[in-house]
Structure formats: structure tokens, C-alpha cells
2 protein chains.
Amino acid sequence: MATIKDVAKLAGVAVSTASYALNNSDKVSQTTKEKVAAAAKSLNYRKNGLASDLKRTNTNTIALILSDLSGPYYSELIQGVQDVTTANGFDLIACSSIGGADSTAVKFLQEKRVDGAIILAHNISDEVTVQSARKGFPLVVLDRNLDSSFIYNIEVDNIHGGYLATEHLIQHDHSEIAYVSGPYNSHDNQLRFQGYLDALKDYNIPYKSKWKIIGDFTRESGYRATKMLIAQRQLPHAIFYANDEMAIGGLEALRENDISVPNDLSVIGFDDIQLAEYVSPPLSTIKQPKYEAGSLAVHVIFQVLAGEKVDHQYTLSTELVKRQSVMQRTIS
Amino acid sequence: MATIKDVAKLAGVAVSTASYALNNSDKVSQTTKEKVAAAAKSLNYRKNGLASDLKRTNTNTIALILSDLSGPYYSELIQGVQDVTTANGFDLIACSSIGGADSTAVKFLQEKRVDGAIILAHNISDEVTVQSARKGFPLVVLDRNLDSSFIYNIEVDNIHGGYLATEHLIQHDHSEIAYVSGPYNSHDNQLRFQGYLDALKDYNIPYKSKWKIIGDFTRESGYRATKMLIAQRQLPHAIFYANDEMAIGGLEALRENDISVPNDLSVIGFDDIQLAEYVSPPLSTIKQPKYEAGSLAVHVIFQVLAGEKVDHQYTLSTELVKRQSVMQRTIS
DNA sequence: ATGAAAGCGCTAACAA
DNA sequence: TTGTTAGCGCTTTCAT
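Fair warning: this is a prediction, and the values are worked out from it, not measured in the lab.

Q: What is the right way to look at the relation of the copies chain A and chain B in this model?
A: Rotating chain A by 180 degrees and translating it 0.2 Å along the rotation axis places it on chain B, where the RMSD comes to 0.2 Å. The superposition operator between the copies reduces to a two-fold rotation axis. Of the C-alpha atoms belonging to chain A, the one lying closest to the rotation axis is found on alanine 94 of chain A, 2.4 Å away. Counting the interface residues of chain A, we find that 100% of their copies in chain B are interface residues as well, pointing to one common contact surface.

Encoded structure:
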């Protein structure tokens, strides 16, 4: 593989001249540039990006860490990240955190391969996250709340969202409201549950632990949780699923048991994933400002990189999306 | 930022020893390892991955080039890629090709930042692709067919898929079958169209150019193309959309015009994206073996990297998925 | 078991 | 405008 040295030799110039020429510096004459370009071409020269990044000590790229590259990721969020990144002339790479400690994600987090990173991956531990952030390497986390010098938190107002969802159900005269929870270690889930509790309290509805079923944010777990609920002697008036995926699984379970949504039972989800409007019935849910979250994340990174002082905490608001899975309860 | 030199100095050993210790080589005594580890920890040392990759002249990572990170990418395909990559102890990064010649993708393709790449991005030109592939840097393309020493082609049998879709429609007594095409420069689209033509011919149905409408694989374009079709004086019996996204856009246009699918008109798509089974009516379509395509792609790369001689051409078969958007035509 | 030193491919300060 | 050279941070050969 040809190096810049070979190119310089063939062109009959010094390496530095070749470097300048290749980088189109104006220190070098047009004719030399052409000579170098010709030599590079004939050798099929490709610069080694690692070497130049090493020399320059920065990479101009930021990483987006996802727990699963193939996952149902919020495409709007990625869009936001991507737009701002490219607008700033930076590169963006996405890497997966599956594999835990020796995942690609951790490698990128710890080995100075990028200038900053955005984390949306529950399977990266808080510990790894905290110890990866360092001066000159800002980290934005979108799925947790960490207090550390080089970590910036962007959250969606999950409490308010949970409140909104629950209140919406209550306003349709539902009082026995089940909560199908995400995994215990999910920060988002805890906050959504908190919102649920708050709404119940504000409307003087007692919380009953029998209405709390644990899921893990997967469709399958929503299905199972719902089956469990059905197996109990009494059905709730409505179910609030901590995310849409679980709600979709739940819808399937309800259908299998001939429980009509929203006639027999109302359902609400959280996230407003793309599928939500296509399931039957179209799912009412809580929408998050995903594009904004993504673009804000990168924005924060650039500010930090530019040496500006920025807040460590941001909260974006949620919004109720009314579709057809919630209906007024007819007292029978 | 602490370097290995600092660590060595603090630990009171030579750089080489520090390196060995950090890499857990057995050339170094346990006590030294501990000393070094302690020094590294106290300095919050992070190795510079670029430097070690540079030295080693390989990166152990492969890139997946997508035209849009946020796109509705075949998650199964990515899954296949990911599984095989991690199983081989390599890292996988995804990068976007938006931005054309100075996109992240091109940077990774040309600057030896990865050991191999898989391309599924129509906006990377054939030219860039061909000139990026080189000895020691195999490229697998999933969306075109290129004849070059270091390029490997994996294709789905689009012709057969197009044939299957069209034949399915014909077998339900549809003879006026519209084809909503993808963009002209799409290789996949051309082949699907070829299959359409072949089926028409085999069943002695004349091809009418008025039934060919151009789209660009987006939902929006499917919507527009369908509106155009509706605006023509006569409706076809069925529409074959070159991909599911366009079919979904089409379904919306038909619904708005009170044209019932499949009663008034049958619809079939191509891809079998996740949404397909959720739209109304559930979309009949052609399924591609995406996971297999992804895993095969990486597999080929590893074989080439290992110096084995491998085929340059692979074709995977497609399959008809019958759902509810195609119905027997009642001759009126 | 440990250290000295060369060098991966590039950039940039400095000299000419 | 061009050339010489140091060095980015690391790995690894060779000597000790």
C-alpha cells in the first residue's frame, strides 16, 4: 500500500510538500500539486486517516452509541443528531453496545477514537459512562441521569408524560388503571411510573399494587404482562403501558381474548413510535420530541468542544397524542 | 491527557514494559502489572486506539455504509451483519453516506479506517465504490452489481421476486397491472421491473407503458404516483409497488379516494418491512432473506481477509408473502 | 523479566 | 515555494 512517502518520491518532492499538495495548501505551486496528484493517482494512494488523526490529536467525528444497531431506534432522533453533526462538518458514526465491556461502543468510548459521544444504550453501565467522560471528551446521555463533570443529561419529561397519559385515562372515567412497567433499572420507566402515581393521587384514586405488572419494554413482555392481567379475576378499566412496543404486544393479547379496545378497555402507550398509528386501533400515546433531543445532544457536544460553558441538564417536554385506543367509559 | 509514557514513568518502568503490562502479556511479572495498572488508574490513562491501530496496520473493524442512518433500514440485515461481526471478534460501525463525496462514508471507505466495508447506499457512486476497494480492503455491495477485483456482490433475486409478485396478481385474474417504480438509477428497481415484464409476457398480457409510474422508493412518492394513477381516466386492476414504503403511501392515497383495497383494487409491495403486516389491509409483499444477506456479507469479508478465494457473486432467493391486499378479481 | 529504540503514516514548525 | 525533521502514542524486535 502506497504511503505519502512513495508519492513524494515518485513526484520527486519532499514528503511535506506532498502533504501540503494533497491537502491543497496554498503554500505549494500549482504545477507541484499536479505532479503530486498524478503520482498519487498512479500509485492508487489513499491517505491513512488514522495517522493524520493521530497527528492532529482530534478526529472530527462523534459517536452515537446505541444498544442495538438494528433496534427500533427513533429515527427522528438519529436524524436530529445527523443533521447537526454534518452541519458542523463533523462525521458521525453509530456503534453498538452489544457485547458489554468489550463491545465496539466501549472501545470508542475509551480509546479516543472520536471527539465526543451520545449514549442511548441501557446496556452501557453508568460506571463505564462516568469513567469514559473526560476533559475534551464530552458525553451526552439520553437515557439516564448522571452527575459528572463531562457528562450532559438530556431528558424527556417522563414524569409529566406519565402524568398526561394517566390523566387522559382518568378524564375518560377510568379509575382502575393498570401500569405495565418497563424494567426496574430503567430510569425512564421509574419516572413514567412516578407520573402515573402523581396523577392518581391528584384525582384521588388509590394506587393498587395489583395493577402494576412488570415488563421489560419488549413487545413480548407486553403480551405476557397483559395475559397475566387477564388471568387475574378482574380486568382494569384501562392499561397504561410504559412504552408503545409493550402496548402493541398487549393489544395482541387482548385481541386473542376477545377483549375489544377501546370498547371494553382503553389502552395508552408511550413514545409514539412509527407503528403506533398503524396498529389497530391506532394507539393513543405520549410523544417525545425526539428530533429535538438528538439535535440538542450534538449541539451541546459542539459547545463543550468549543470551550463554552453549558448546562448539564436539559428536560424536553412531552405531549399527548390522541388516537383511538382510549374511549369514554360507560358505567355499566 | 496521559499517555503510556506517563504511565511508564509513574510506574518506574520502560514504555515497552508498560505496554506489555497493559496488554496483559505474560512477559511481564505480576507485580509489575499491578504497578502499571495502578499508575494507569491514578493518571486516568486511556489508550489511544488510533495509535495502536496505526502501529498494527489493521483496525479489526468493519464498516456498514448506509445511505441514511435514520432510514427504515432492514433491521434483520443489520442483525445478520452484527452477529457475524461480533462472533469474529471484530467491531462494527455504521456510517452514513449522506453528504456525498465528503460524507463520513467516503472518508471511511478511502482512509483505511476500517478493514472492510459493506455498502447499502444508493447515493455512493459506483465510481467511488470501485476505486475504494483495494487489496486488503474488501467491499461487499448489496445494492448493485459491480465487476471489480475486490468487490463482492450479494444480491437478492429481484427478477424472480418481481415475477412472483406479478404472477400472484395475474393468478387472481388481474390483467391491468400498474408498476410503481423506484428511481431509475436503482439497480434493484430495474430487476424487479424486469420480473414484472417477464411475468406479463409469460401470461400473454401486453405491457402498457401507461401503467408504469415513477417513484423514488419513498412513501411520499408512492402516494403521489397513486394519485396520478387515480387521475388517469381508468384504474388498473392491481398495483405492484417496487417497495413496501411506496405501497404504504399508495394505500393512503387509495383510502383518501375511497378505493377499497383489495375489493376494488389489489396491491402488492416488495421488501416485507416490519410495517407491512400492520397497515390496513395487511400488505402482501415479497420477502427478502435479509438476515442471510447481512451475515453472508460479513462472512465474505472475513474470508477475503483471511486470504481465501471466494466467489464474487451471490444471489439469494425471494419469497411471496400472502396477506390481505390481494384478492380474486370479480369480473364485472 | 525488563529496557532501548525503531518506526507505523502523517502533519507542521522551522530552515533554506 | 520547497525540504528537513521532530514527533503524535503506540507496539514490538532485539538486546540485556
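Q: Mind showing me how you'd approach the nonpolar core here?
A: The biggest cluster of nonpolar side chains holds 86 residues, and the ones touching the most others in it are Phe240, Leu254 and Val267 of chain A together with Phe240, Leu254 and Val267 of chain B. Leu92 and Val298 of chain A together with Leu64 and Val298 of chain B belong to the second largest nonpolar core, which has 56 residues in total.

Q: Which parts of the structure should I look at to understand the sheet that holds strand β9 (residues 266-268) of chain B?
A: The strands making up a sheet associate through hydrogen bonds between their backbones, and the pairing can be parallel or antiparallel. All names here are of chain B. One open sheet accounts for four strands, arranged β7-β6-β8-β9; its pairing is parallel. At either end of the open sheet lies a strand with only one pairing partner, and these are β7 (212-214) and β9. Sheet twist, expressed as the average angle between the axes of neighbouring strands with direction ignored, equals 20 degrees. The pairing of strand β6 (residues 177-181) with β7 spans three bridges and is parallel. Looking at β7, one finds that valine 180 is bridged to isoleucine 213. Packed onto the sheet, helix α11 (residues 244-256) meets β6, β8 (238-241) and β9 and runs at close to 150 degrees relative to β8.

Q: It is not clear to me how the protein's contact with DNA strand D should be interpreted in this structure. Could you clarify?
A: Neighbouring DNA strand D are 24 residues; Ser16 and Thr32 of chain A together with Ile4, Tyr20 and Tyr45 of chain B lie closest to it. Of everything in DNA strand D that lies within 4 Å of the protein, sugar and phosphate atoms constitute 58%. A distance of 2.7 Å separates a phosphate oxygen of DNA strand D from a polar side-chain atom of threonine 32 of chain A. A distance of 2.4 Å is found between a phosphate oxygen of DNA strand D and a backbone nitrogen or oxygen belonging to isoleucine 4 of chain B. Those elements that provide at least two residues to the surface near DNA strand D are α2 (15-22) and α4 (49-56) of chain A together with α2 (15-22) and α4 (49-56) of chain B.

Q: So what exactly am I meant to see when it comes to the environment of serine 25 of chain B here?
A: Note that serine 25 of chain B resides in the loop between α2 and α3 (30-43). In this structure the side chain of serine 25 of chain B is engaged in a polar contact, spanning 3.0 Å, whose partner is the backbone nitrogen of lysine 27 of chain B.

Rules of the game
- Residues numbered from 1 in each chain as written.
- Chains lettered and ligands numbered in written order.
- Predicted model: local features only at pLDDT ≥ 70, side-chain atom pairs only at ≥ 80, totals over all residues.
- Heavy atoms only, no water.
- Least-squares fit on C-alpha atoms with pLDDT ≥ 70 in both.
- Contact = heavy atoms within 4.5 Å.
- Core = buried A, V, L, I, M, F, W, Y, C linked by side-chain atoms within 4.5 Å.
- Buried < 20%, exposed > 50% of the residue type's maximum accessible area, 1.4 Å probe, protein only.
- Pairing = 2+ DSSP bridges.
- Helix = DSSP H or I, 4+ residues; strand = E, 2+ residues; numbered from the N terminus.
- Axes fitted to C-alpha atoms, helices over the stretch in contact; angles between N-to-C directions.
- Near = heavy atom within 4 Å.
- Polar contact = N/O pair within 3.5 Å; in protein donor to acceptor, adjacent residues only side chain to side chain.

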